[in-house]
Amino acid sequence: EPEVTQTPSHQVTQMGQEVILRCVPISNHLYFYWYRQILGQKVEFLVSFYNNEISEKSEIFDDQFSVERPDGSNFTLKIRSTKLEDSAMYFCASSLGLVDEQYFGPGTRLTVT
Amino acid sequence: SQQGEEDPQALSIQEGENATMNCSYKTSINNLQWYRQNSGRGLVHLILIRSNEREKHSGRLRVTLDTSKKSSSLLITASRAADTASYFCATVHTGGFKTIFGAGTRLFVKA
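Residues numbered from 1 in each chain as written. Chains lettered and ligands numbered in written order. Predicted model: local features only at pLDDT ≥ 70, side-chain atom pairs only at ≥ 80, totals over all residues. Heavy atoms only, no water.

J.: Would you mind going over unusual backbone geometry in detail, with residue names and values included?
T.: A cis amide bond links threonine 7 of chain A with the next residue in sequence, proline 8 of chain A, at an omega value of -10 degrees. With respect to the helices and strands, proline 8 of chain A occurs in the loop between strand S1 (5-7) and strand S2 (10-13). Even without being a glycine, asparagine 51 of chain A presents a positive backbone phi close to 55 degrees. Despite not being glycine, alanine 78 of chain B shows a phi value in the positive range, around 45 degrees. Note on placement: alanine 78 of chain B falls in the loop between strand S8 (71-76) and strand S9 (85-93). Residue alanine 78 of chain B is classed as partly exposed on the basis of its relative accessible area of 38%. (Helix = DSSP H or I, 4+ residues; strand = E, 2+ residues; numbered from the N terminus. Buried < 20%, exposed > 50% of the residue type's maximum accessible area, 1.4 Å probe, protein only.)

J.: Residue-level account of the pairing of strand S8 (residues 75-79) of chain A, with values.
T.: The side chains of a regular strand alternate, residue by residue, between the two faces of the sheet. Residues and elements named next belong to chain A. In terms of burial, S8 is a largely internal element, 4 of the 5 residues being buried. Sheet topology note: the strand S3 (residues 19-24)/S8 ladder contains 5 bridges and is antiparallel. The partner of valine 19 across the bridge, within S8, is isoleucine 79. As paired strands, strand S7 (residues 65-68) and S8 are joined by 4 bridges and run antiparallel to one another. By the bridge assignment, serine 66 is partnered in S8 with lysine 78. Counted along the chain from S7 to the antiparallel partner S8, the turn is 6 residues long. (Pairing = 2+ DSSP bridges.)

J.: So what's going on with the interface of chain B and chain A? Residues and values would help.
T.: Of the residues lining the interface, 24 residues belong to chain B; the matching set on chain A comes to 24 residues. Surface buried jointly by chain B and chain A totals about 1,900 Å² across both partners, of which 55% is contributed by carbon and sulfur atoms. Where chain B meets chain A, there are 2 salt bridges. For aspartate 100 of chain A, the salt bridge goes to arginine 50 of chain B, with nearest N and O atoms at 3.1 Å. Joining chain B to chain A, the criterion identifies 10 residue pairs in polar contact (both at pLDDT 80 or more). (Contact = heavy atoms within 4.5 Å. Buried area = accessible area lost by both parts, 1.4 Å probe. Salt bridge = Lys/Arg side-chain N within 4 Å of Asp/Glu carboxyl O. Polar contact = N/O pair within 3.5 Å; in protein donor to acceptor, adjacent residues only side chain to side chain.)

J.: Give a detailed account of the pattern of salt bridges, specifying residues and quantitative values.
T.: All names here are of chain B. With the rule as written, the count across this model stands at 6 salt bridges over all chains. As a salt-bridge pair, glutamate 53 and lysine 56 come within 3.9 Å of each other at their nearest N and O atoms. What makes lysine 56 partly exposed here is its relative accessible area of 27%.

J.: A description of the sheet that holds S7 of chain A should follow, citing residues and the corresponding values.
T.: Hydrogen bonding along the main chain pairs the strands of a sheet, whether they run parallel or antiparallel. All names here are of chain A. If you walk across this open sheet you meet the 4 strands as S1-S3-S8-S7, and the pairing is antiparallel. Each edge of the open sheet carries a strand with a single partner, namely S1 and S7. Put simply, the sheet's adjacent strands are angled 20 degrees from each other on average, direction ignored. (Axes fitted to C-alpha atoms, helices over the stretch in contact; angles between N-to-C directions.)

J.: Kindly report on the state of the cysteines, identifying the contributing residues and their values.
T.: Cysteine pairs can be covalently joined through their sulfur atoms, and such a bond is termed a disulfide. Enumeration over the complete set of coordinates arrives at 2 disulfides over all chains. Residue cysteine 23 of chain A pairs covalently with cysteine 92 of chain A via a disulfide, S to S 1.9 Å. As the torsion about the S-S bond is roughly -60 degrees, the cysteine 23 of chain A-cysteine 92 of chain A disulfide counts as left-handed. Here cysteine 92 of chain A lies in strand S9 (residues 88-95) and cysteine 23 of chain A lies in strand S3, a separation of 69 residues in the sequence. The disulfide partner of cysteine 23 of chain B is cysteine 89 of chain B, and the S-S distance across this bridge is 2.0 Å. (Disulfide = S-S within 2.5 Å.)

Below is the structure:
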């Protein structure tokens, strides 16, 4: 069964450093998403991406964040200058259509020290 | 309450019993999805119900949707210890892409 994959599973970085989180969505899916979950809190929407552009973003997704689909398979989330409060689990998801099921990857645990 | 709020926050039952979790939301939606998350792990998609559907079944899961009350319920029948997890509802509002998750219900099934 096809699945969403994410790398790395755990990333430790120092405050102020740039990080890139990588995702490979399910191959025929057209909509891509990033979410984060701070430990013990709810899952929060960051951004959705369709047709090579951001379709919607939350207030969390400020200028420090960017997303890219550099080729036909990868979908990346870049945090330009990490802060301590960026420490969280980051999930990538994809769906075939806008109103279809979203399938989530296993997540990347980002720890900012 | 916020969009996609579940209740109860926590539920503890014996194996074999049924578990019911509820979700309420505020705006009109395209669909509502239920997910399971084991501690520290990823989100597993359980079931999606569209705004024009009222009930859906998948194995031991039964989901209802009442758009007039802006609420949904997830019923897990004949629960097992392996069902112990957090359960979240997630909604996509009509015309948007943003998915909003509730805070979840933590289910504990005692063997």
